[in-house]
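For reference, the chains in residue letters:
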Protein chains: 2
Amino acid sequence: MNAKGPRIQEVAVEAGVSTATVSRTLSNPDLVSEKTREAVLAAVEKTGYRINRAAQNLRKRQAGAILVLLPNLGNPFFSQILSGIESVFATSDLSVLIADTNGIKQDQLTGYFRDTRADGVILLDGGIPRAVLNELAQTTPDNRIVFACEWKPGTDLPSVRSDNRGGAQQAIAHLVQLGHSKIGHIAGPRNNVLTKERLAGFEAAMRNQGLEIVPRWVVDGGDFSLDAGAQAARQFIEMDERPTAVFCGSDLIAMGFISEMHKRGISVPNDFSVVGFDDIEIADRFIPSLTTIRQNRTQLGVLAATTLLGQLSGRAVAAQDNVQLVDVLLIKRGSTAAI
Amino acid sequence: MNAKGPRIQEVAVEAGVSTATVSRTLSNPDLVSEKTREAVLAAVEKTGYRINRAAQNLRKRQAGAILVLLPNLGNPFFSQILSGIESVFATSDLSVLIADTNGIKQDQLTGYFRDTRADGVILLDGGIPRAVLNELAQTTPDNRIVFACEWKPGTDLPSVRSDNRGGAQQAIAHLVQLGHSKIGHIAGPRNNVLTKERLAGFEAAMRNQGLEIVPRWVVDGGDFSLDAGAQAARQFIEMDERPTAVFCGSDLIAMGFISEMHKRGISVPNDFSVVGFDDIEIADRFIPSLTTIRQNRTQLGVLAATTLLGQLSGRAVAAQDNVQLVDVLLIKRGSTAAI
DNA sequence: AAATATTATGTAATCGATTACAAATGAGTG
DNA sequence: CACTCATTTGTAATCGATTACATAATATTT
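Residues numbered from 1 in each chain as written. Chains lettered and ligands numbered in written order. Predicted model: local features only at pLDDT ≥ 70, side-chain atom pairs only at ≥ 80, totals over all residues. Heavy atoms only, no water.

## What to know about the overall build of chain A
- Counting its secondary structure elements, chain A contains 12 helices and 12 strands.
- Rg of the C-alpha trace for chain A: 25 Å, well past the compact-globule value of 20 Å for 339 residues, more than 25% over.
- Over its C-alpha atoms, taken along the principal directions, chain A stretches across nearly 85 × 40 × 40 Å.
- The burial tally for chain A puts 55% of its 339 residues in the buried class.
- A fraction of 73% describes how many contacts in chain A between residues 6 or more apart in sequence connect residues 24 or more apart.
- The distance from the centre of the 35 positive side-chain charges to the centre of the 36 negative ones in chain A is 4 Å. (Helix = DSSP H or I, 4+ residues; strand = E, 2+ residues; numbered from the N terminus. Rg over C-alpha atoms; globule rule 2.2 N^0.38 Å. Buried < 20%, exposed > 50% of the residue type's maximum accessible area, 1.4 Å probe, protein only. Contact = heavy atoms within 4.5 Å. Lys, Arg positive; Asp, Glu negative; His and termini not counted. Charge placed at Lys NZ, Arg CZ, Asp CG, Glu CD.)

## A short note on unusual backbone geometry
- A cis amide bond links V268 of chain A to the next residue, P269 of chain A, at an omega of 10°.
- Positionally, P269 of chain A belongs in the loop between α11 (251–263) and β9 (273–278).
- A cis amide bond links I287 of chain B to the next residue, P288 of chain B, at an omega of 0°.
- One can find P288 of chain B in the loop between β9 (273–278) and β10 (291–294).
- Of note in the backbone geometry, C149 of chain A takes a positive phi value of approximately 70° without being a glycine.
- The topology assignment puts C149 of chain A in the loop between β4 (145–148) and β5 (159–162).

## Topic: the protein's contact with DNA strand D
- What surrounds DNA strand D is a group of 25 residues, the closest being T36 of chain A together with R7, I8, S23 and R59 of chain B.
- Of what DNA strand D places within 4 Å of the protein, 63% of the atoms are sugar or phosphate.
- Note that a base oxygen of DNA strand D is positioned 2.5 Å from one of the side-chain N or O atoms of R24 of chain A.
- At 2.7 Å from a base oxygen of DNA strand D is found a side-chain nitrogen or oxygen belonging to R59 of chain A.
- When contributions to the surface near DNA strand D are tallied by element, the ones reaching two or more residues are α2 (19–27) and α4 (53–60) of chain A together with α2 (19–27) and α4 (53–60) of chain B.
- The element that contributes the greatest number of residues to the surface near DNA strand D is α4 of chain B, accounting for 4 residues.
- Tallied by class, the residues present in the surface near DNA strand D amount to 9 nonpolar, 8 polar and 8 charged. (Near = heavy atom within 4 Å. Polar contact = N/O pair within 3.5 Å; in protein donor to acceptor, adjacent residues only side chain to side chain. Nonpolar A, V, L, I, M, F, W, Y, C, P; charged D, E, K, R; others polar.)

## A look at the sheet that holds strand β12 (residues 329–331) of chain A
All names here are of chain A.
- Read across the open sheet, the 6 strands follow the order β7-β6-β8-β9-β10-β12; overall the sheet is mixed. Looking at strand neighbours, the two that pair on one side only are β7 (218–219) and β12, the edges of this open sheet.
- Of the strand pairs in this sheet, strand β6 (residues 183–186) and strand β8 (residues 245–248) are connected by 4 bridges, and their pairing is parallel. Bridge assignment links I183 to a residue of β8, and that residue is A245.
- Most of the contacts of helix α9 (residues 193–208) go to β6, to which it runs at about 170°, and overall it touches β6, β7, β8 and β9. (Pairing = 2+ DSSP bridges. Axes fitted to C-alpha atoms, helices over the stretch in contact; angles between N-to-C directions.)

## Concerning the environment of L136 of chain A
Residues and elements named next belong to chain A.
- With respect to the helices and strands, the residue L136 is situated in helix α7 (residues 130–139).
- Taking the relative accessible area as the measure of exposure, L136 reaches 0% and is therefore buried.
- C-alpha separation for the pair L136 and V121, spaced 15 residues apart in sequence, amounts to 9.2 Å.

## Concerning the protein's contact with DNA strand C
- Close to DNA strand C lie 27 residues; R7, I8, S23 and R59 of chain A together with T36 of chain B are nearest.
- Sugar plus phosphate, as a fraction of atoms of DNA strand C within 4 Å of the protein: 63%.
- In this structure, a phosphate oxygen belonging to DNA strand C sits 3.3 Å away from a main-chain N or O atom of N52 of chain A.
- Interatomic distance of 3.1 Å between a backbone N/O atom of S33 of chain B and a phosphate oxygen of DNA strand C.
- Those elements that place two or more of their residues in the surface near DNA strand C are α2 and α4 of chain A together with α2 and α4 of chain B.

## What to know about the sheet that holds β9 of chain B
All names here are of chain B.
- In spatial order, the strands read β7-β6-β8-β9-β10-β12; together these 6 strands make up an open sheet with mixed pairing. In the strand order of this sheet, the two ends are held by β7 (218–219) and β12 (329–331), each with one partner.
- Two strands pair when backbone bridges link them, and β10 and β12 are joined in this way by 3 bridges, in the antiparallel orientation. Counted as the bridge partner of T292 is I331 from β12.
- Strands in contact with helix α8 (residues 164–177) are β6 (183–186), β8 (245–248), β9, β10 and β12; relative to β9, the strand with the most contacts, it is inclined by about 160°.

## Thoughts on the pairing of strand β5 (residues 159–162) of chain B
Residues and elements named next belong to chain B.
- Along β5, one buried face is formed by S159 and R161 and the opposite face, lined by V160 and S162, is buried too.
- Pairing between strand β4 (residues 145–148) and β5: 2 bridges, direction parallel. Looking at the pairing, A148 lines up with V160 of β5.
- Inspection of the sheet shows β5 paired to strand β11 (residues 323–326) by 4 bridges, in the parallel sense. Across the sheet, the residue bridging to S162 is V326, located in β11.

## With respect to empty space enclosed by the protein
- Counted by the stated rule, this structure contains 1 cavity of 30 Å³ or more.
- There is about 40 Å³ of room inside the largest cavity.
- Around the largest cavity, the lining residues are L70, L73, N75, F78, S79 and L82 of chain A together with L70, L73, N75, F78, S79 and L82 of chain B.
- Elements that contribute at least two residues to the lining of the largest cavity include exactly α5 (79–89) of chain A together with α5 (79–89) of chain B.
- For the lining of the largest cavity, the per-class residue count stands at 8 nonpolar, 4 polar and no charged. (1 Å grid on protein atoms, 1.4 Å probe; cavity = no way out; pocket = protein on both sides within 12 Å on 5 of 7 lines; lining within 4 Å. Points joined across faces, edges and corners; volume = space filled by probe spheres on them.)

## Re the nonpolar core
- F257 of chain A together with F257 of chain B are the most contacted members of the largest nonpolar core, which totals 96 residues.
- Residues contacting F257 of chain A, with those up to four places away along its chain left out, are I186, G229, A230, A232, A233, F236, V246, F272 and V274 of chain A. (Core = buried A, V, L, I, M, F, W, Y, C linked by side-chain atoms within 4.5 Å.)

## Side note on the pattern of salt bridges
- Under the counting rule described, the total for this entry stands at 22 salt bridges over all chains.
- A salt bridge links R190 of chain B to D220 of chain B; the shortest N-O distance between them is 3.2 Å. One end of the pair, R190 of chain B, is in the loop between β6 and α9 (193–208); the other, D220 of chain B, is in the loop between β7 and α10 (226–237), with 30 residues separating them in the sequence.
- For R190 of chain B, a relative accessible area of 58% corresponds to the exposed category.
- For the salt bridge of R333 of chain B with D284 of chain B, the shortest nitrogen-to-oxygen distance reads 3.2 Å. On the criterion of sequence distance, the pair formed by R333 of chain B in the segment after β12 and D284 of chain B in the loop between β9 and β10 is long-range, its members being 49 residues apart.
- Taken together, the salt bridges that share partners define one network made up of R234, E260 and R264 of chain A together with R285 of chain B. (Salt bridge = Lys/Arg side-chain N within 4 Å of Asp/Glu carboxyl O.)

Below you can see the structure in the form of structure tokens.
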């Protein structure tokens, strides 16, 4: 199939040692005398030897890869997290597999493990059915699963996440500081953990500030998309009394909202102040530029990857580190103004 | 390492046949009598057997995976292409590996093949050094490389791409129809193939329309980013005579341009008409909504994946199908107006 | 019914690394 | 010098599937 390169056997002959010694030199150099090590490395260099991963994986009963599962590959939000994950694994000799939980069937999913196609998973989808999760956990006895961004409540799997609640509170504090007291919230998809956290943060902050939470002003986004924001805007437009500011569950929601308001002749930030969540790249260049809560997506990816790598090498995550919270940051821009 | 499931041996015993027969049943059912097939499948079902990919790959001298190489994982432009690719491979039993040419060293790259970690590549980066490409081609004798979106001029590897030139012409035709004759172009990164094609399309269209190409109005983007567009806007602002419309090498450039113009009090489309390229998701919700050339990114991904899959199964691409051109579509929106 | 062709199945070698175990070598000690 | 212990290396079994080849069973032809 491939132009086959040299085998470990050829390296052994070249170096005048056994294959066992070559293998040791490569994977555990300390076991080998310095003279031998040099001879072997020279032979590797000379022959251009590259290990055959399939053989190695078979013998070591491993997959040599980790799997990243995300709810929707088409969503740009994830690309930077992937980038962070990738950067960590690029230096290991594990490959990174990517799959979309959208198109995937439960069976295929657990198949990744039973097939020994992956040694661990980074789950970016908190909406994964519990049955699948159980099966995953069963097929990977030592908990080779790490959640990133989202997570599944009620499971004790390690997770890396942004401080969603804190972010919501920062957003509200900012609006209050600008003089707003009538504040609404456009939430994300109803059953999403992020939605719940941000909503909880919103409610806590409103209460702390002594502000009234008007139920009609807390609307369901359906999802985190532009359309969800536009849809919410239409709802607000039909109200006889409106808030003066809204905190949105995502930047996309915020932009969809602003865009739809704009179409109806309502201006942000003059008539409405809007805060987003995520700080996606375009936020800075949207018109108006978007005030938002920045998530450090690369760091989320890096942390998740590092954690999984730790698990794989046997370092179990200490219970108190089970949830790693990543700070978020309020970025003040043009979509919010004093009342 | 993993809770080890049943082996093919156990299935064989359960079904009362040899391992060879089990293997045949699973990979080549026609070789086996119906009665045996049923017995084997029942045994597979009963034992919950899953193949061990490492063993299979070793024996078949394959990697069981394909590699997608992209210039920048953090760039959302690629996520939808990935999604298309993924959807094709989800039904095969090949895994999809993803790596970033940015962080990767040449050696690591060719290592993917020599290690037998990948059976084929989809290259989304036309800027890959020729040396690397040569080495890739050498280590994969049967041309298991397919370009998507971008490509490398002077190589005869199969490629799937949008009709960039045609897109540029549609853009110019649209502007001319609106009455514009003073038209500029903000190109992408100088050495990029897409940049060159779109620029060529721009020039051809201008000539066809009998319009003058003003060199100062054709500016270098540096890259395809928002910042590149903003930077170009600053250049235009300093000119004493400006065009009335610009065609941009990407949507991000267009948005950066519009945003920066807006900051300087110049309004799109009143003072300037702007056409983008790509039709990324936000284009429709940008303010103003962006007139642009839509690339069918999912289709690009699907076609590339299908082509590679064909190559892997021995179907060589016919010479005349070496370049697959995907149609683009002008989407008229709010960033262009009659003069 | 014998001869031949076809289909179905089993036996055992093979893919290329790792590692348990054994053996050889060398160092240190009384 | 004989003996113990540590270090280094080699031999060969092993991981779990696939497949070349041999053989058995069945169908077809004359």
